[in-house]
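As a plain string of letters, each chain reads:
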Amino acid sequence: MSRLLAQLRSFFGPSEAGPSHASTLLEAADDSAGYDARHAQELRAAASAWLSVVR
């Protein structure tokens, strides 16, 4: 869980042109899906929350 919070904290720093935060979270979820399904689900939920705030 602390890893998820650290990733979210880094996303709220200065923004630069690049991949969206949601896509970065979803890619991280895909990468960790085989190792830690719960963490992958938390990342997907964070991406969904990010998209609902941005819209």
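It should be noted that the structure appears before, not after, this text.
Throughout, residues of each chain are indexed from 1 in the direction in which the sequence is written. Restriction of local features to residues with pLDDT of at least 70 applies here, the model being predicted, together with a cutoff of 80 or more for giving and counting side-chain atom pairs; totals for whole chains, interfaces and linings are based on all residues. Working from all heavy atoms in the structure, the side-chain values ignore hydrogens and water.

Side note on the overall build of the protein chain
In step 1: Each helix and strand counted, the protein chain has three helices and zero strands in total.
In step 2: Numbering of helices and strands starts at the N terminus; helices are DSSP runs of H or I of at least 4 residues and strands are runs of E of at least 2. Element order for the protein chain, N to C, with α for helix and β for strand: α-α-α.
In step 3: A buried classification covers 22% of the 55 residues belonging to the protein chain.
In step 4: Sequence separation of at least 24 residues holds for 43% of the intrachain contacts in the protein chain that already meet a minimum separation of 6. Between buried and exposed lies partly exposed: a residue is buried under 20% and exposed over 50% of the maximum accessible area for its type, with that area taken using a 1.4 Å probe on protein chains only. Only heavy atoms enter the contact rule, under which two residues are in contact if any of them lie within 4.5 Å.

A short note on the nonpolar core
In step 1: Only buried Ala, Val, Leu, Ile, Met, Phe, Trp, Tyr and Cys residues count toward a nonpolar core, and they belong to the same one when joined by side-chain atoms within 4.5 Å. Within the largest apolar cluster, nine residues are counted, these being Leu4, Phe11, Ala22, Leu25, Ala29, Ala40, Leu43, Ala46 and Ala47.
In step 2: Those elements giving two or more residues to this core turn out to be helix 1 (2-11), helix 2 (21-32) and helix 3 (37-54).
In step 3: With four residues, the single largest contributor to this core is helix 3.

Structural notes on the pattern of salt bridges
In step 1: The rule for a salt bridge is simple: a side-chain nitrogen of Lys or Arg has to be within 4 Å of a carboxyl oxygen of Asp or Glu. Scanning the entire structure with this criterion turns up one salt bridge.
In step 2: Across the pair Asp30 and Arg44 runs a salt bridge whose closest N-O atoms are separated by 3.6 Å. Linking Asp30 in helix 2 with Arg44 in helix 3, this pair joins segments that are 14 residues apart in sequence.
In step 3: According to the relative accessible area criterion, Asp30 is exposed, its value standing at 54%.
In step 4: Among the residues examined, Arg44 registers a relative accessible area of 31% and is labelled partly exposed.

Structural notes on helix 2
In step 1: For helix 2, spanning twelve residues, the distance from its first C-alpha to its last is 17 Å, which sits close to the expected 16 Å at 1.5 Å a residue.
In step 2: Three or more residues of helix 2 are buried, namely His21, Ala22, Leu25, Ala29 and Ser32. For helix 2, the arc enclosing every buried residue in end-on projection is 100 degrees, short of the 170-degree limit, so these residues lie on one face. Those residues of helix 2 that are exposed and angled more than 90 degrees off the buried face are Asp30 and Asp31. Helix span is expected to be 1.5 Å times the residue number reduced by one. By arc we mean the arc of the directions from the helix axis to the C-beta atoms, nothing more.

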